[in-house]
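# Structural features, examined
Listed below, chain by chain, are the residues.
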Amino acid sequence: MKSIKRTKAQISTTAIERIYITMRHLFIRGFYKPMGISGQTLINELLILQPEIYGSMGEEGAELEGLLYIIDRLPEGIAECRYIHLTADEGLADSNFKKIVPAKRRRNCYRIDRDQVNIEITRGRSDVYDILTHLTFMFVEAEKIARKVMIDDEGETIREWKHLEKIVLNNTHLEGEEREVLIAHLSSILGRTFEEILKADSTFATEQKPDRLFEVIYWMGKLALNEILEDKKHEITFSSILRDRIGHHSYGDTWAHNIKQELFDKNLLNRPLHIISANMHSVMNSIYGPMLLPDLAEKHASTELFELIGESSNKDLRKKIKKGARNHGLTFIKDSTGANIDVQIIDTQKINFDKTRFTRTKEGDEMPVIIVMDYAFGEQAYETLDELLKPYKNSTGERTHLRVESVSVMGKAGILEGDKGDIMIPNAHIFEGTADNYPFENQLTASDLENHGIKVFQGSMVTVLGTSLQNKDLLKFFHESTWGVIGLEMEGAHYQKAIQSASRIRGNISSDVKVRYAYYASDNPLKTGSTLASGGLGSTGIRPTYMITRKILEQIF
């Protein structure tokens, strides 16, 4: 028999499959101990995979950029908690518990007591997988710290750790030379240079928590020590209500009904509808910015106006646009269902196009209505769009099909060929881990967005199960093989699955519905220092965002 040697990409694919099978099993089971036998399976596979976003997790030294990335997406204080409870929306919003929303992920979380934090899952399985992957990485890093500071099995620790413990427990804020002493001690504990810890001290710090790095490292290490020395293990549990609800479109159904009810109340149901998945500022600013800020629009051409509006010091400009837009056809629906997806409905019949940068080609009841939905998360994209494309059902049971003429997706994604800020135009989405593929005719083309000083790439894109589980070997295979993948994201195939089933099988919307997909690059996971963990785009993302938005709106109008 000929010996068959597996490639690194194949090994990585198998590791991802095992991680998701294990996480799904643990979810159905209802609980597990991260440092127990079940959790060890996740840890082993994650160490085999070595995701780019978690950097040097397989090395002896701590991975600081990856740690900052997950801490910003998990509830504040989670490092202090032994018990992490994942729940559905079960009424805690009406309690006296303070709601905690992570800085860079929309999740409602509640600190129940000193040892327990509850995390509400309302965005589907992708949210569960995202959290469990981040927690697994955190526990790996925590055990590194504990092993580093232990002198013996009796609980004696190194003097640097004792110094850190004293500072954190006494809530002492240090400055100058005293702070540098602590940073030097942390350098020994974490196996990183003084320079690296100094930088991390700055990036971890927030206005409310200037000493966040010290607190996070101490509590991670402390609880890991408690596991080793006192057998006080972490426990992760999933509520029975969450396990019953997940995958049943509980939140998407209510979310979509609220939108359609608003359309009905405003007599907009029979108008041509255009759905755009995007952020909550680009469509609004593109239409109303020049209209409500004419003097600035005259001085600042192209995307310069939107760069100005986006500056942190220009809150007054943003307020003026939001207020003025409400008087010219925009209705804002703040989500109250738990889906965490806000919506804008724009009745373009109420817009004075002479004051915008767009040309109107339709009149009266044929003027489009635009529904802008904030970004979904992974599988949630299918749940929400599938429900939105269903007919509106009134109180008497009468059904009204929506006149959906187009669905556009303007998002950010990882790029495999260019750099941050470049643009990707897909012609197919491929599901990671399968050969499932969704080719489509994209109304946007590379030529629509070229010649503006930004590189544009066209080809297939892979819809990944989670951005935190990708490594270079796997991504190189996607890019260099005949799949010809130009980038990776988390929602595209889910959106397309909903569009195709609604238009070609279920007959909920017209089979002639137009689709538009375009993404700007938030990171390049194949380039060291350009992963998501290396930081955000900042103002670099404004130009491609507004270029794509403008082209979508031009085609709609």
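What follows deals with the packing of helix α3 (residues 64-71) against helix α4 (residues 125-149). Interhelical geometry of α3 versus α4 gives an angle of 135° and a closest axis separation of 10 Å. With respect to α4, the element α3 is oriented oblique. In the crossing of α3 with α4, the sense of the turn from one axis to the other is left-handed. When α3 is examined against α4, the residues Gly66, Leu67, Tyr69, Ile70 and Ile71 are found in contact with a partner set consisting of His134, Phe137 and Met138. Class assignment of the residues belonging to the contact of α3 with α4 gives a composition of 6 nonpolar, 2 polar and no charged.

Let us now look at helix α10 (residues 250-265). Here α10 spans 23 Å end to end across 16 residues, near enough to the 22 Å set by a 1.5 Å rise per residue. Among all positions in α10, only Tyr251, Gly252, Trp255, Ala256, Ile259, Lys260 and Leu263 are buried. Axial view of α10: buried residues confined to an arc of 155°, hence all on one face. Backbone geometry just downstream of α10 places Asn267 in the positive-phi region, at approximately 60°.

Quick look at the side chain of Asn279 now. Assignment of secondary structure puts Asn279 in the loop between β7 (273-277) and α11 (282-292). Separated by 3.0 Å, the side chain of Asn279 and the backbone nitrogen of His281 make a polar contact. Here Asn279 is in contact with Val372, Asp374, Tyr375, Met410 and Thr545, once residues within four sequence places are set aside.

Turning next to the packing of helix α1 (residues 8-29) against helix α2 (residues 37-49). Think of two packed helices as two axes; the pair is described by the angle between the axes and how far apart they sit. As a packed pair, α1 and α2 sit with axes 9 Å apart at the nearest point and diverge in direction by 160°. By the angle between their axes, α1 is roughly antiparallel relative to α2. The hand of the α1/α2 crossing is left-handed. Side by side, α1 and α2 meet where Ile11, Ser12, Ala15, Ile16, Arg18, Ile19, Thr22, Met23, Leu26 and Arg29 of the first sit next to Ser38, Thr41, Leu42, Glu45, Leu46, Ile48 and Leu49 of the second. Split into classes, the residues belonging to the contact of α1 with α2 amount to 10 nonpolar, 4 polar and 3 charged.

You can see His429 is positioned in strand β14 (residues 423-431). By relative accessible area, His429 is classed as buried at 0%. In terms of polar contacts, His429 uses its side chain to reach the side chain of Tyr519, at 3.3 Å. Aside from chain neighbours lying at most four places away, what touches His429 is Asp436, Asn437, Tyr438, Phe440, Met461, Thr463, Glu489, Gly492, Ala493, Tyr517 and Tyr519.

Turning our attention to the pairing of strand β10 (residues 369-373). For β10, the buried fraction is high: 5 of the 5 residues fall into the buried class. Residues Val369, Ile371 and Met373 point to one face of β10 and Ile370 and Val372 to the other, with burial holding for every one of them. By the bridge criterion, 5 bridges tie β7 to β10 in an arrangement that is parallel. Directly across from Ile276, in β10, lies its bridge partner Val372.

Quick look at the pattern of salt bridges now. For the coordinates displayed, the defined rule picks out 30 salt bridges. We note a salt bridge from Glu59 to Arg192, for which the minimum N-O separation is 3.9 Å. With Glu59 in the loop between α2 and α3 and Arg192 in the loop between α6 (176-190) and α7 (194-204), the pair connects residues that are 133 residues apart, well separated along the chain. Residue Arg107 pairs with Asp130 through a salt bridge whose shortest N-O separation is 2.5 Å. In this pair, Arg107 sits in the loop between β3 (99-100) and β4 (109-111) while Asp130 sits in helix α4, placing the two residues 23 residues apart along the sequence. With relative accessibility at 6%, the residue Asp130 sits in the buried group. Residues joined by salt bridges that share partners form a network here, namely Arg105, Arg107, Asp127 and Asp130.

In this model, helix α8 (residues 212-230) (19 residues) spans 26 Å end to end at C-alpha, consistent with the 27 Å of a helix rising 1.5 Å per residue. Phi turns positive one or two residues past the end of α8, at Asp231, with a value near 60°.

Attention now moves to the pairing of β14. In terms of burial, β14 is largely enclosed, as 8 of its 9 residues are buried. Two elements, β14 and strand β16 (residues 456-463), share 8 bridges in a ladder whose sense is parallel. In the sheet register, His429 faces β16, and the bridge partner there is Met461. By the bridge criterion, 2 bridges tie β14 to strand β18 (residues 514-523) in an arrangement that is antiparallel. When the bridges of β18 are listed, Met424 appears paired with Tyr519. Relative to strand β15 (residues 437-439), β14 runs antiparallel, the two sharing 3 bridges. Bridge pairing in β15 places His429 opposite Tyr438. Between β14 and β15, which pair antiparallel one after the other, the connecting turn spans 5 residues, and Gly433 there sits at a positive phi close to 85°.

Rules and cut-offs
- Residues numbered from 1 in each chain as written.
- Predicted model: local features only at pLDDT ≥ 70, side-chain atom pairs only at ≥ 80, totals over all residues.
- Heavy atoms only, no water.
- Axes fitted to C-alpha atoms, helices over the stretch in contact; angles between N-to-C directions.
- Helix = DSSP H or I, 4+ residues; strand = E, 2+ residues; numbered from the N terminus.
- Parallel < 35°, antiparallel > 145°, perpendicular 65-115°, else oblique.
- Left-handed = near helix turned anticlockwise from the far one by under 90°.
- Contact = heavy atoms within 4.5 Å.
- Nonpolar A, V, L, I, M, F, W, Y, C, P; charged D, E, K, R; others polar.
- Expected span 1.5 Å × (residues − 1).
- Buried < 20%, exposed > 50% of the residue type's maximum accessible area, 1.4 Å probe, protein only.
- Arc of directions from axis to C-beta.
- Polar contact = N/O pair within 3.5 Å; in protein donor to acceptor, adjacent residues only side chain to side chain.
- Pairing = 2+ DSSP bridges.
- Salt bridge = Lys/Arg side-chain N within 4 Å of Asp/Glu carboxyl O.

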